[in-house]
Amino acid sequence: AAMRETRTKKTKTVCTFCGVGCTFEVWTKGRKILKVQPTHEGPVNAISTCVKGKFGWDFVNSKERLTTPLIRKNGQFVEASWEEALSLVASKLGSIKETYGKGSVGFISSSKITNEDNYLMQKLARQVFETNNIDNCSRYCQSPATDGLFRTVGMGGDAGTIKDIAKSGLVIIVGANPAEGHPVLATRIKRAHKYHGQKLIVADLRRNEMAERSDLFISPKQGTDQVWLMAVTKYLIDQGWHDQTFIEENVNFFDEFKEVLEKYTLDYAEQITGISKEQLMKIAEMIRDADGTCILWGMGVTQNTGGSDTSAAISNLLLATGNYRRPGAGAYPLRGHNNVQGACDMGTLPGWLPGYQHITDDEARGKFEKAYGVTIDSNPGLNNIEMLHAIAKGDMKAMYLVGEDMALVDSDANHVHEVLSSLDFFVVQDIFLSRTAQYADVVLPATPSLEKEGTFTNTERRVQRLYQVLPTLGDAKPDWWIIQEVAKHLGADWNYGHPSDIFAEMVSLSPLFKEASYDVLEGWNSFHWGSLDGKNTPLLYQDGFNFPDKKARFALSDWVEPAEFPEEYDLYINNGRMLEHFHEGNMTNKSKGIQSKVPGVFVEVSPTLSRERNLENGDLVRLKSPFGAVKLNVLITDRVKDNELYLPMNSVDKESAINFLTGPIYDTRTNTPAYKQTRVKMEVLRKGGN
Ligand code: SF4
């Protein structure tokens, strides 16, 4: 054994810090990570990585890692054996189901764990607990994008590959900041823009790095993207710059769509969005002149009351101009977490079985019923937000949550904390004792990606294998193992020896993945899902759109106005990612290399506002919304304008985390919190600072 410890091992893995899905070799000796080495074989990134992928991994050896199961006894966590913890989980959850019925237990899965882990979570919910009350954290970010795409083109994924984006004549980025959120993907756009004549339009509240590089930057008023998108579409059609042939052959409801567009004149759009008519016309001209337009969007679009309808408006614009079904064109929702796409693909959604087979589809459901030996409810279950309501009402008594820091990432955090503390029984499975885990009755220690095998699916629908880089730490176990043990302790006959067994079962039930297997995915190989016959499909809709008549559909929705706030809340607060941190920072805050670069959190204030209020860098301010308050230091920057503030979302501190400000305001179609529609008032607590 001593001999082996001294040998350097190189293992392929997939990065977990964003949805781009970079791969690299990790060089290790024992538990020590020597280096992270991208290689030419990596299909997404070749030899590129960003700072997170390269340096963000120390957290795996953090002293704060959970290494043994914990059980709450008299208000305190005490260490327990796996047998003790699993028996307790099984007996409590089992008896709650017996006493209160099938819907009394809720399941929340994660977009950070593997496809195999997710598949088993939905199977645990549907087979063992006979409920569709299962969701994952894409509810907090990407569900509106998926909804908008399902309604228009019939599949909820990026239209082509990341490489295809480089072939596009025009890239439009709406409400996203790939330079910080999806760095390696952004590099491709930067290169195409700089050297290959690609044009770039950015629409964002904040003048981010991509905005700085763009040919045209617009900053519409908060919550009004749908209006300018519809006005530009109308103008394109009015000018005859749309693609009539494409529409006739490929899209339904054009006449109805034109009627909906009637009121979205340039004048109206200028008045609502604050974007001038000239700029709107310019956007239309750039789309007309481009050889292929891609539209990329992120949470600046989705986390709004009209998030789904704005996503549909993006897809409508692309359909009207014939920008689908060829490389360098189409819709690209940018998935945030590494496996947002995969978690949804695997059916950890209340209305979808694995492989996007809808729960109301009798034939699909029948197939799963046969395989699982139970009856599956044909009604969708509750989503994350509805589960919280059900707990508050006393209808849901227990919850099993994996890898998600709900207490921190959900909006209206004060309310969420109350709800979680009212559960009869709460199981949390994670690698750290997150804020959410602090409400748990049992905490099950899981392993991070470097300590397990499985597959992830990146933003371009590419499934890739990860291999075990490090031995597991302490008594921590891979998520699939834990979920299987819980099922077995409840009497289920599960016998998966390796994630490949789970993947094979998923494939056998999901036509979308028919030709995928661990052999096909061996090493650096990958597989894009995307056609109903289950073939590798890098470019979607080659054989038509995903509707029975193969035709896409214009979505017919009007603008959803942003939520209203009392007038005293006079400042808009936006929030988002920072290059160096991963989301709320639970992992990267524990990475020393990264912490030393960006230690604190701050609120960005515009030069105009700082003059008006006499603010200086470092002043301590209190921000108060109708739902809570936080304290932060001021950072004056022209990245934001007027009365708009920006708060990076990497705080885990109750004093400064954004979700102590956000409220119970949701996208109208998917219940995704409208995090971007928050207003606050500001009070100066202390002048001058560090
Ligand atoms: Fe990881 Fe995303 Fe950076 Fe690639 S771009 S190294 S996937 S964080």
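Rules behind the numbers
- Residues numbered from 1 in each chain as written.
- Predicted model: local features only at pLDDT ≥ 70, side-chain atom pairs only at ≥ 80, totals over all residues.
- UniProt positions renumbered as here; feature names shortened; annotations may be inferred.
- Helix = DSSP H or I, 4+ residues; strand = E, 2+ residues; numbered from the N terminus.
- Rg over C-alpha atoms; globule rule 2.2 N^0.38 Å.
- Contact = placed C-beta atoms within 7 Å.
- Core = buried A, V, L, I, M, F, W, Y, C linked by C-beta atoms within 7 Å.
- Buried ≥ 20, exposed ≤ 12 C-beta atoms within 10 Å, placed from the backbone.
- Domains from an automatic or database assignment.
- Axes fitted to C-alpha atoms, helices over the stretch in contact; angles between N-to-C directions.
- Left-handed = near helix turned anticlockwise from the far one by under 90°.
- Nonpolar A, V, L, I, M, F, W, Y, C, P; charged D, E, K, R; others polar.
- Near = placed C-beta within 6 Å.

The chain appears in an unreviewed UniProt entry as Formate dehydrogenase subunit alpha from Heyndrickxia ginsengihumi. The annotation that UniProt attaches to the chain under Sequence similarities (unreviewed entry) is "In the C-terminal section; belongs to the prokaryotic molybdopterin-containing oxidoreductase family."

1. Quick word on the overall build of the chain
Scanning the chain for helices and strands turns up 25 helices and 28 strands. Its C-alpha radius of gyration of 24 Å places the chain within 12% of the 26 Å reference for a compact globule of 690 residues. With respect to the three principal axes, the spread of C-alpha positions in the chain is 70 × 65 × 55 Å. The long-range share in the chain, meaning contacts at least 24 apart out of those at least 6 apart in sequence, stands at 74%.

2. Some words on the nonpolar core
Counting 107 residues, the largest nonpolar core has Leu124, Val427, Val603, Leu623 and Leu645 as its most contacted members. Among the elements that take part in this core, helix H4 (residues 115–128) stands out by supplying 6 residues, more than any other. Residue assignment places this core across two domains, with domain 2 (70–140 + 338–528) and domain 4 (571–686) each supplying three or more. When near neighbours in sequence (up to four residues on either side) are disregarded, valine 603 contacts Val621, Leu623, Leu632, Val634, Leu635, Leu645 and Leu647. Ala192, Ala269, Trp297 and Ala329 belong to the second largest nonpolar core, which has 84 residues in total.

3. Brief notes about the packing of H4 against helix H23 (residues 499–509)
Running from N to C, H4 and H23 point in directions that differ by 60 degrees, and their axes come no closer than 9 Å. Here H4 runs over H23; the crossing is left-handed. Across the interface between the two elements, Asn115, Glu116, Tyr119 and Leu120 from H4 touch Pro499, Ile502, Phe503 and Met506 from H23. Here the contact of H4 with H23 is built from residues that sort into 6 nonpolar, 1 polar and 1 charged.

4. Section: the site of the ligand
Around the ligand, the surrounding shell holds 14 residues, and the nearest of these are Cys15, Cys18, Cys22, Cys50 and Gly53. Elements that contribute at least two residues to the shell around the ligand include exactly helix H2 (51–55) and helix H8 (183–195). Here the residues of the shell around the ligand sort into 8 nonpolar, 5 polar and 1 charged. Among the domains, domain 1 (2–61) and domain 3 (143–334) are the pair contributing at least three residues each to the shell around the ligand.

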